[in-house]
Amino acid sequence: MPIALYPGTFDPVHYGHIDIATRAAALFQRVVVAIYDSPANKRVLFSTEERVELMRRAISHLPNVTVISYNGLTVHCARAVGAAVVVRGLRTLADYEFEFQVAMTNQKLAPEIDLITLITRSEYAYLSASILKEVAGLGGDISQMTPPHVQEALRRRFQELGETPSRQVPKARLRDQRAIGRE
Ligand code: ADP
């Protein structure tokens, strides 16, 4: 059974991510969760070290899963850890279109590495790190979205940020809906 790399930003880890890691752990001899060190196009709420630590605690019940951080191309990271497979989760058609283009490119760069996608479970299909951050930032209940230690980390981070979390949580889809069009 090959080694699998499960790459992502994981800012922060939530139950949708943990579900994919758990299912990959059952399919592969070893799974390496690889956390992007500096995502080029994303503002992150948690540092790389924090994201790694939150993930390590979240998957500590899975003995064949380890967590690392990385820079540069995902296929280079896969080669470096000896992974023959990259695992990604799929929620929507938009996820599929994005993964398709990345997979085509990766095939050119590293034809020996295959992509395997796992379809989200329906209970997590709505869940993304940005939705999680938005609900947490607005004081909503996130107990069904992420484990207690991540809930606590989010609570502390938003407390530190005070009233100005908007740089780290740019989207605002869950508030002020009734006000739209009334002004
Ligand atoms: P990205 O790697 O695109 O920055 P994330 O760090 O949020 O995004 O996600 C890492 C991986 O986990 C991606 O493959 C993503 O599709 C997958 N994923 C995210 N949320 C879910 C979910 N709710 N269910 C299944 N897979 C998910």
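Everything below is about the structure printed above this text.
Residues numbered from 1 in each chain as written. Predicted model: local features only at pLDDT ≥ 70, side-chain atom pairs only at ≥ 80, totals over all residues.

Asker: Which parts of the structure should I look at to understand the site of the ligand?
Answerer: The environment of the ligand is formed by 15 residues, the closest being G8, T9, G16, G89 and T120. Those elements giving two or more residues to the shell around the ligand turn out to be α1 (15-27) and β4 (83-90). At three residues, the largest contribution of residues to the shell around the ligand is made by α1. Across the shell around the ligand, the residue classes break down as five nonpolar, seven polar and three charged. (Near = placed C-beta within 6 Å. Helix = DSSP H or I, 4+ residues; strand = E, 2+ residues; numbered from the N terminus. Nonpolar A, V, L, I, M, F, W, Y, C, P; charged D, E, K, R; others polar.)

Asker: It is not clear to me how the sheet that holds β4 should be interpreted in this structure. Could you clarify?
Answerer: Sheets are built from strands paired through backbone hydrogen bonds, the pairs being either parallel or antiparallel. Spatial strand order, β3-β2-β1-β4-β5: five strands in an open sheet with parallel pairing. Sheet topology places β3 (65-70) and β5 (114-119) at the edges, where each strand pairs with a single neighbour. Put simply, the sheet's adjacent strands are angled 30° from each other on average, direction ignored. Both strand β1 (residues 3-8) and β4 contribute to a ladder of three bridges, which runs parallel. In the strand pairing of β4, I3 is matched with A83. Contacts between α1 and the sheet are confined to β1, β2 (30-36), β3, β4 and β5, with β1 contributing the most and set at about 170° to the helix. (Pairing = 2+ DSSP bridges. Axes fitted to C-alpha atoms, helices over the stretch in contact; angles between N-to-C directions. Contact = placed C-beta atoms within 7 Å.)

Asker: Explain the nonpolar core to me, please; I cannot follow it from the model alone.
Answerer: Side chains that are nonpolar tend, in soluble globular proteins, to be buried together. Within the largest apolar cluster, 40 residues are counted, with the highest numbers of intra-cluster contacts made by L5, Y6, A21, A24, V31, V33 and M55. Considering each element in turn, this core owes the most residues, six residues, to β2. (Core = buried A, V, L, I, M, F, W, Y, C linked by C-beta atoms within 7 Å. Buried ≥ 20, exposed ≤ 12 C-beta atoms within 10 Å, placed from the backbone.)

Asker: Any chance you could explain unusual backbone geometry here in plain terms?
Answerer: Of all residues except glycine, most have a negative phi; of all peptide bonds, most are trans. Across the junction of D11 and P12, the peptide omega takes the value -5°, indicating a cis bond. Even without being glycine, F10 reaches a positive phi, approximately 50°. The topology assignment puts F10 in the loop between β1 and α1.

Asker: Quick question: what am I supposed to make of helix α4 (residues 93-109) here?
Answerer: Spacing of three or four residues puts side chains on the same side of an α-helix, whose turn is 3.6 residues. In a regular helix each residue adds 1.5 Å, so 17 residues correspond to 24 Å; α4 covers 24 Å between its end C-alpha atoms and thus fits that length. For α4, the tally of buried residues reaches only zero of 17 residues, placing the bulk of the element at the surface. (Expected span 1.5 Å × (residues − 1).)

Asker: What am I meant to see in the packing of helix α2 (residues 48-58) against helix α6 (residues 148-161) here?
Answerer: Helix-helix packing is described using two parameters, namely the angle between the two axes and the distance between the axes. Taken N-terminus to C-terminus, the directions of α2 and α6 make an angle of 155°; their axes are 9 Å apart at the nearest point. When the axis of α2 is compared with that of α6, the two are roughly antiparallel. Within the contact between the two elements, α2 uses L54, R57 and A58 and α6 uses H149, V150 and A153. A per-class count over the contact of α2 with α6 returns four nonpolar, one polar and one charged. (Parallel < 35°, antiparallel > 145°, perpendicular 65-115°, else oblique.)

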